[in-house]
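Now for the letters of each chain:
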Amino acid sequence: MKNKADESGFRIAVAGKGGVGKTTLIALLAELLTSSGYQVLAADEDPQMNLAVSLGVPIEEAEKIIPLSHNKGYIQEKTGAKPGSGRGGLLRLNPNVDDVVERFGFRLKPNLSLLAMGSVDQAAAGCLCPENNLLKAVMRFIVLKPGELILVDTPAGPEHFGRGVLKGFSLLLVVTEPTLTALQVAQKSMVLARQLSIPHLKLVVNKVQGEEDRNRVKAFMKKSGFDSPATHFLPYTPDLLAIEPVVGPILAEGGKFTESVQELFYDVKMLIP
Ligand SMILES: Nc1ncnc2c1ncn2[C@@H]1O[C@H](COP(=O)(O)OP(=O)(O)OP(=O)(O)O)[C@@H](O)[C@H]1O
Ligand SMILES: [Mg+2]
């Protein structure tokens, strides 16, 4: 992957309340996009780092992965400032992150790499500290060739928007369940995404158990003025629980869930230049 200090390429992220299916969706899209020949960098911004295991990295291997936010040497090398040093020092605002995937990417297949980003403390959200600066630079300044994509899994809740790592993203999939609290987080995420001028937004209502759930979502949206440009519904499926933690094999099973994910995938693919 070629990098330079400029935003480019097609970048996809998920957002939403805890447990709604963000990691599952990113892992499934990574499977489908790589199977269609795209070169995918899957970046995990969630400190829980579930994405590796969902993509098929054995748990004992995944536990050895050190996230970038904990890689003190690399942070200092690239930003000129010591991690934990706050604002001061020689902080370079646009560190060159050319080598990040080669040095720290975990290659799962020839066209799929994983980068564990880690996260910065909530207390440090929005700070100009070196850790945050590096994560932002990696997300924004990796230059992608045609056919290359970044897929980012994010921590639960809308707080990460404040750190600005999703600035310059092309598509945000706001994932929700058909519950009031999840829909409220989704609504907030959609507003924040608009403030970041993310051009393509989709609402993905996951774990839908029937017409009643769909109607509840539609009623909430109408009542609260939740404006979503496109809404996808993915059915609840116990099969996912049965195959945990690796999610890819569900795609071979067929059925309603797989079909709905495929439809979403085709919609996503249409947006990729
Ligand atoms: N459509 C679905 N039907 C049934 N179970 C699902 C569905 N989608 C996801 N799940 C299950 O819900 C749980 C949470 O999914 P997942 O880890 O993808 O959510 P998340 O949003 O990434 O959570 P977190 O916020 O903790 O990172 C998992 O056990 C997953 O298998
Ligand atoms: Mg997750």
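What this report covers is the structure whose coordinates are included nearby. (Residues numbered from 1 in each chain as written. Chains lettered and ligands numbered in written order. Predicted model: local features only at pLDDT ≥ 70, side-chain atom pairs only at ≥ 80, totals over all residues. Heavy atoms only, no water.)

Thoughts on the pattern of salt bridges
We apply this condition: Any Lys or Arg side-chain nitrogen found within 4 Å of a carboxyl oxygen on Asp or Glu counts as a salt bridge. Secondary structure elements are taken from DSSP: a helix is a run of H or I of four residues or more, a strand is a run of E of two residues or more, and numbering for both begins at the N terminus. To sort residues, take the accessible area from a 1.4 Å probe on protein chains only and compare it with the maximum for the residue type: under 20% means buried, over 50% means exposed, and anything in between is partly exposed.
All told, the structure shown has eight salt bridges when counted by the stated rule. Among the ionic pairs, R103 bridges to E77, the shortest N-O distance being 2.9 Å. Highlighted residues: R103 in helix α5 (residues 100-104) and E77 in helix α4 (residues 72-79), separated in sequence by 26 residues. For R103, a relative accessible area of 41% corresponds to the partly exposed category. We note a salt bridge from D99 to R103, for which the minimum N-O separation is 2.7 Å. D99 gets classed as buried once you look at its relative accessible area, which sits at 19%. A single network of salt bridges, built from pairs that share partners, joins E77, K78, D99 and R103.

Quick notes on the site of ligand 1
The cut-off we apply is this: Proximity is defined per residue: if any heavy atom of the residue lies within 4 Å of a molecule or strand, that residue is considered near it. Each polar contact in these results corresponds to two N or O atoms within 3.5 Å; when the atoms are within protein, one needs to be able to donate a hydrogen and the other to accept it, and residues that are neighboring in sequence are counted only if both atoms are side-chain atoms. Calculation of accessible area relied on Shrake-Rupley with a 1.4 Å probe; when residues are assessed, cover is drawn exclusively from the protein chains displayed. In the scheme used here, Gly and all other residues not listed as nonpolar or charged are polar, with Ala, Val, Leu, Ile, Met, Phe, Trp, Tyr, Cys and Pro taken as nonpolar and Asp, Glu, Lys and Arg as charged.
Residues in contact with ligand 1 amount to 19 residues; listed here are only the nearest, K22, T23, T24, N206 and E244. Within the side chain of T24, one N or O atom sits 2.5 Å away from an oxygen atom of ligand 1. Within the side chain of D46, a nitrogen or oxygen atom sits 3.3 Å from an oxygen atom of ligand 1. Starting from 640 Å² of accessible surface for ligand 1 in isolation, the protein chains cover 83%. Breaking the shell around ligand 1 down by element, the ones donating at least two residues are α1 (22-35), β7 (200-208) and α9 (238-243). The element best represented in the shell around ligand 1 is α1, accounting for three residues. Split into classes, the residues belonging to the shell around ligand 1 amount to seven nonpolar, seven polar and five charged.

Observations regarding α4
Going by this rule: Directions drawn from the helix axis to the C-beta atoms are what define this arc.
Within α4, the full set of buried residues consists of Y74, I75, K78 and T79. Mapping the buried residues of α4 onto a view down its axis gives an arc of 105°, with all of them on the same face. Trailing α4 by a residue or two, G80 shows a phi angle of about 80°, which is positive.

Re the packing of α1 against helix α10 (residues 255-271)
Put simply, the test is: Axis lines are fitted through C-alpha atoms, for helices just across the contact stretch, and the angle between N-to-C directions can take any value from 0 to 180 degrees. Here roughly perpendicular refers to angles of 65 to 115 degrees, roughly parallel to angles under 35, roughly antiparallel to angles over 145, and oblique to all remaining angles. Two helices that cross are described as forming a left-handed crossing if the nearer one is turned anticlockwise from the farther one by less than a right angle, and a right-handed crossing if clockwise. The contact definition used throughout considers only heavy atoms, calling two residues in contact when any of these lie within 4.5 Å.
As a packed pair, α1 and α10 sit with axes 11 Å apart at the nearest point and diverge in direction by 70°. Put simply, α1 runs roughly perpendicular to α10. The two elements α1 and α10 meet at a crossing, and its hand is right-handed. Taking contact as the criterion, the partners of L25, L28, L29, L32 and L33 in α1 are, on α10, F257, V261, Q262, L264 and F265. Here the contact of α1 with α10 is composed, by residue class, of nine nonpolar, one polar and no charged.

Details of the packing of helix α7 (residues 180-195) against helix α8 (residues 211-224)
It is the contact of α7 with α8, at a shortest axis distance of 11 Å, that shows an interaxial angle of 50°. One way to sum up the angle between α7 and α8 is to call them oblique. As α7 packs across α8, the resulting crossing turns out to be right-handed. Contacts between α7 and α8 involve L180, L183, Q184 and Q187 on the former and, on the latter, V217, F220 and S224. Of the residues in the contact of α7 with α8, the class split is four nonpolar, three polar and no charged.

Section: unusual backbone geometry
Backbone torsion omega between E244 and P245 reads 5°, so that peptide bond is classified as cis. Note on placement: P245 falls in the loop between α9 and α10. Unlike most non-glycine residues, S197 shows phi in positive territory, near 60°. The residue S197 is located in the loop between α7 and β7 in this model. Positioned with a positive phi, K207 is a non-glycine residue whose angle comes to about 60°. Topologically, K207 is positioned in strand β7.

Here's the deal with the pairing of β7
Note the threshold: Strands are treated as partners if at least two bridges between them are detected by DSSP. By convention a crossover is right-handed if, when the strands point away from the viewer, the path from the first strand over the helix to the second runs clockwise.
The element β7 is extensively covered by neighbouring structure, given that seven of its nine residues are classed as buried. Judged from the six bridges that link them, strand β6 (residues 171-176) and β7 form a sheet pairing that is parallel. Opposite L172, over in β7, you have L201 as the bridge partner. Crossover handedness for the path β6 to α7 to β7: right-handed. Bridging between β7 and strand β8 (residues 231-235) involves four bridges; their strand directions are parallel. From the neighbouring strand, V205 faces β8, where its bridge partner is F233. Between the parallel elements β7 and β8, the chain passes through α8 in a crossover that is right-handed.

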